[in-house]
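Spelled out, the chains give:
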Amino acid sequence: MAGPVTRRRFLAASAAGAGSALLGSALFPSDAWGAMPRVRRNVGGMNAYDPILTAYGRAIQAMQALPATNPLSWAYQAAIHGTLLGSPQVAWNTCQHGNYFFWSWHRMYLYWFERIIRKMCGDPCWTLPYWAWDSPTERQIPAPFRDSSSPLYTANRSATMNGGGSLPATDVSYASSFSQTNFTTASLIFQGTPHGAVHVDVGGWMGSVPTAAQDPIFYLHHANCDRLWDLWLAQGASWVDPLTDNTWKTTPFTFFNKSGAQVTMTGCDVLRAAQQLRYVYEGEPAQVDEYCLKFKPPGSLCKKCC
Ligand code: C2O
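Residues numbered from 1 in each chain as written. Predicted model: local features only at pLDDT ≥ 70, side-chain atom pairs only at ≥ 80, totals over all residues. Heavy atoms only, no water.

**Q** Can you tell me about the pattern of salt bridges, naming the residues and giving the values?
**A** Using the criterion set out here, one finds eight salt bridges in the structure. Where Glu-114 meets Arg-40, a salt bridge forms, and the shortest distance between an N and an O atom there is 3.0 Å. Residue Glu-114 is found in helix H4 (residues 102-121), and its partner Arg-40 is found in strand S1 (residues 38-40); the two are separated by 74 residues along the sequence. You'll find Glu-114 and Arg-40 in the same group, each marked buried. Overlapping salt bridges bring together Arg-40, Arg-107, Glu-114, Arg-118, Asp-226 and Asp-230 as one network. (Salt bridge = Lys/Arg side-chain N within 4 Å of Asp/Glu carboxyl O. Helix = DSSP H or I, 4+ residues; strand = E, 2+ residues; numbered from the N terminus. Buried < 20%, exposed > 50% of the residue type's maximum accessible area, 1.4 Å probe, protein only.)

**Q** How would you sum up the environment of Ala-169? Please name residues and give values.
**A** Mapped onto the elements of the fold, Ala-169 is located in the loop between helix H5 (159-162) and helix H6 (175-178). The sequence separation of Ala-169 and Arg-139 amounts to 30 residues, and the corresponding C-alpha distance is 8.2 Å.

**Q** Run through the environment of Pro-142, naming residues and quoting values.
**A** Within the secondary structure, Pro-142 is located in the loop between H4 and H5. Through-space distance from the C-alpha of Pro-142 to that of Leu-220 is 9.9 Å; in sequence the pair is 78 residues apart. The contact partners of Pro-142, leaving out residues within four places of it in the chain, are Val-43, Trp-131 and Ile-217. (Contact = heavy atoms within 4.5 Å.)

**Q** For the packing of aromatic side chains, give the residues involved together with the corresponding values.
**A** The tally for this structure, following the rule as stated, stands at 29 aromatic pairs. Taken together, a centroid distance of 5.8 Å and an interplanar angle of 40° make the contact between Trp-103 and Trp-232 tilted. Placement of Trp-103 in helix H4 and of Trp-232 in helix H9 (residues 217-233) is noted, with a sequence separation of 129 residues between them. On the basis of relative accessibility, which here comes to 2%, the residue Trp-103 falls in the buried class. Its relative accessible area of 0% is what places Trp-232 among the buried residues. Within the aromatic cluster, the residues linked to one another by ring pairs are Tyr-56, Trp-74, Trp-105, Tyr-109, Phe-113, Trp-126, Phe-145, Phe-218, Tyr-219 and Phe-255. Taking the ring centre of Tyr-279 as reference, the NZ or CZ of Arg-40 above it sits at 3.6 Å. (Phe/Tyr/Trp six-rings, centres within 6.5 Å; stacked < 30°, edge-to-face > 60°. Lys NZ or Arg CZ within 6 Å of the ring centre and 35° of its normal.)

**Q** Any chance you could break down the state of the cysteines for me, citing the residues and the numbers?
**A** This structure, assessed with the given rule, holds one disulfide. One disulfide bridge connects Cys-268 with Cys-292, the sulfur atoms lying 1.9 Å from each other. Because the torsion about its S-S bond is -95°, the bridge between Cys-268 and Cys-292 counts as left-handed. Highlighted residues: Cys-268 in the loop between strand S3 (262-265) and helix H11 (273-277) and Cys-292 in the segment after strand S4 (279-281), separated in sequence by 24 residues. Free cysteine: Cys-121, not disulfide-bonded; nearest cysteine sulfur from Cys-125 at 9.7 Å. Residue classification places Cys-121 among the buried residues on the basis of a relative accessible area of 6%. (Disulfide = S-S within 2.5 Å.)

Just geometry here; none of it tells us what the structure is for.
Structure representation (structure tokens):
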């Protein structure tokens, strides 16, 4: 992309609709039940030889070797978020910004992406790490992503940030979003700052919606945004997801499973990360459990995994 990228431009570049034309029944990830939640770790505690990062690099290389028409390829996965490529395939350019599907759509996207990475790296226990840029000690792009010999690196970033520059404190603050109890208001503010501000600061591919998900750091940035959704909700009883809004709860979005088959998911499928999607974030407080159904399912049998 030529020219400076503004935060407004990042957000304005995606006006994707709510996916009303998508078909298919909501698929509940059956193998998620009955397993203990896995931990998505803070990348700040990892060096370049951490098995999570070496496996991620391995998966990226394997995915980059596949053609863009293969749903498991790096290009296809990034294009689900956004792409400049012509002849759009199923689910391309479906990222949700500028509306209240932002947090839920990106949670779904990461969920299926993580499962594809598990397959492509050969580690069924792999979890997506998060980049906690809100912590004063993690304002730089994590070092393993700045090593030009690594598959985690791309030159398509701001040279300053690739050179070890730090995100400005004002760009990573979620205080104004978190002060809002209304879900839509809070998530719209969050989409601008910190979310969009960090995109623009990292720059290059990350600075614009149609290219952002080509950068391996994208998914760690969004894992942090996803963790912060949990934290927003955990502030107290006044902070709630839009459970009275049927459109938010039931609009289906399309993704691909690790076999390359189409799947759909809705807001109701992603309310409780630990229970429904089987992950927690390292160091987060107990997740708030919300339910679309009037009754709560009985406690599931836990079996140990990973
Ligand atoms: Cu869908 Cu951070 O963008």
